[in-house]
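One letter stands for each residue in the lines below.
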Amino acid sequence: MIITDGVFSMDGDLAPLPGIVEVAEEYGAMVMVDDAHGEGVLGHHGRGIVDHFGLHGRVDIEAGTMSKAFGAVGGYIAGSEDIVEYLRQRARPFLFSSAATPPDVAACIAAIEILQESDMPVRKLWENTEYFKAGLVELGFDIGASATPITPVMLGEAKTAWDFSVRLFAEEIFATAIAFPTVPHGRARIRAMLSAAHSRDDLDFAIEKFAKVGRELQVIT
Ligand SMILES: Cc1ncc(COP(=O)(O)O)c(C=O)c1O
């Protein structure tokens, strides 16, 4: 079995899923995609990486979470009836955890209904992403190799990233630092995540604060 994370969440880059699926088909392997970061973001109406690459019916198992773009809580596994039935009988979290509460389930259903009704939230998310990334690049920040709204701001040493995050928080921007062992030594960063709910004013405010803190810490000139 080949297991892949659809959107590599630390860098925001995309898994080369078409190639993975081809190799799996050639060797008779199953493919499982964890699309926690792709759902609500990639594909038509946020249907995820499988839809983005048009690989319908060629991925055996998809694991998803409702806790990221959908803004709720919980998760799911999609696959054949046999796989789903097997997990119902054997999956430990399914057997030993409490069921989701009705308000959580209602929030999940509402999030999916919103996306089914309109592609607008997904388009807004991508517009916001382009605007924010362009603003950071213009200021001279290194935003890595992201192909998605996950926007790493590469800062190098862990201390710089922590200081940056603390200073941003004091400026009313909540953007946490990520350092070793989550990412390699010397590749510490702030990871910013855009939302469809951000207004242009919000984004301008954030860009202004990144500029202020970036100059203060001499990350940019
Ligand atoms: C790739 C990936 N899969 C799954 C999860 C788990 O999601 P949840 O916290 O909703 O269980 C995460 C959470 O960060 C994730 O990054």
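Note that the structure is predicted; figures quoted are calculated from it, not measured. (Residues numbered from 1 in each chain as written. Predicted model: local features only at pLDDT ≥ 70, side-chain atom pairs only at ≥ 80, totals over all residues. Heavy atoms only, no water.)

A few points about the side chain of Glu-171
As a reminder, the rule being used: Numbered from the N terminus, helices here are DSSP runs of H or I no shorter than four residues, and strands are runs of E no shorter than two. Categorising residues by exposure relies on relative accessible area from a 1.4 Å probe, with only protein chains included: less than 20% of the type maximum marks a residue as buried, more than 50% marks it as exposed, and the intermediate range marks it as partly exposed. Between N or O atoms, a polar contact is any pair within 3.5 Å; within protein, one atom must be a potential hydrogen donor and the other a potential acceptor, and residues adjacent in sequence are included only when both atoms are from side chains.
Locating Glu-171 in the fold gives a position in the loop between helix 7 (158-170) and strand 8 (177-178). Accessibility expressed as a relative area gives 11% for Glu-171, which makes it buried. Side-chain polar atoms of Glu-171 contact the side chain of Arg-167, separated by 2.9 Å. Within polar-contact distance, the side chain of Glu-171 engages the side chain of Lys-209 at 3.1 Å.

A short note on the packing of helix 6 (residues 120-139) against helix 8 (residues 200-216)
To keep things clear, this is the line we draw: Helix axes are fitted to C-alpha atoms over the stretch in contact, other axes to C-alpha atoms as well, and angles between N-to-C directions run from 0 to 180 degrees. Roughly parallel means an angle under 35 degrees; roughly antiparallel means over 145; roughly perpendicular covers 65 to 115; every other angle is labelled oblique. A crossing counts as left-handed when the near helix is turned anticlockwise from the far one by less than a right angle, and as right-handed when that turn is clockwise. Two residues qualify as a contact provided that any one of their heavy atoms is within 4.5 Å of a heavy atom in the partner residue. Here the nonpolar group is Ala, Val, Leu, Ile, Met, Phe, Trp, Tyr, Cys and Pro; Asp, Glu, Lys and Arg are the charged ones; every other residue, Gly included, is treated as polar.
The geometry of helix 6 relative to helix 8 is characterised by a closest axis approach of 10 Å and an angle of 25 degrees between their N-to-C directions. The angle between helix 6 and helix 8 places the two elements in the roughly parallel class. Note that helix 6 runs across helix 8; the crossing there is right-handed. Residues Asn-128, Tyr-131, Phe-132, Gly-135, Leu-136 and Leu-139 of helix 6 form the contact with helix 8, whose own contacting residues are Arg-200, Leu-203, Asp-204, Ala-206, Ile-207, Phe-210, Ala-211 and Arg-215. Per-class residue counts for the contact of helix 6 with helix 8 are 9 nonpolar, 2 polar and 3 charged.

Some words on the domain arrangement of the chain
Under the convention used in this document: All the domain ranges listed were derived from an automatic or database domain assignment. For any pair of parts, buried area is found by adding up, for both, the accessible area (1.4 Å probe) each one loses once the two are put together. A pairing counts as a salt bridge when a side-chain nitrogen of Lys or Arg comes within 4 Å of a carboxyl oxygen of Asp or Glu.
With domains assigned, the chain is organised as domain 1 (2-117) and domain 2 (120-216). One C-alpha centre belongs to domain 1, the other to domain 2, and the line joining them spans 26 Å. Between domain 1 and domain 2, the contact holds 16 residues from the first and 16 residues from the second. Note on domain 1 versus domain 2: buried area summed over both sides is about 1100 Å², and carbon and sulfur give 66% of it. Its largest share of buried area at the contact with domain 2, domain 1 owes to Met-10, Asp-11 and Val-41, together 51% of the area lost on that side. For the interface between domain 1 and domain 2, the tally reads 1 salt bridge. Measuring nitrogen to oxygen at the nearest pair gives 2.4 Å for the salt bridge that ties Arg-189 to Asp-11. Our enumeration of links across domain 1 and domain 2 arrives at 6 residue pairs in polar contact (both at pLDDT 80 or more). Contributing elements (two or more residues each) for the side of domain 1 that touches domain 2: strand 3 (13-14) and helix 5 (102-117). Grouping the constituent residues of the side of domain 1 that touches domain 2 by class yields 7 nonpolar, 7 polar and 2 charged.

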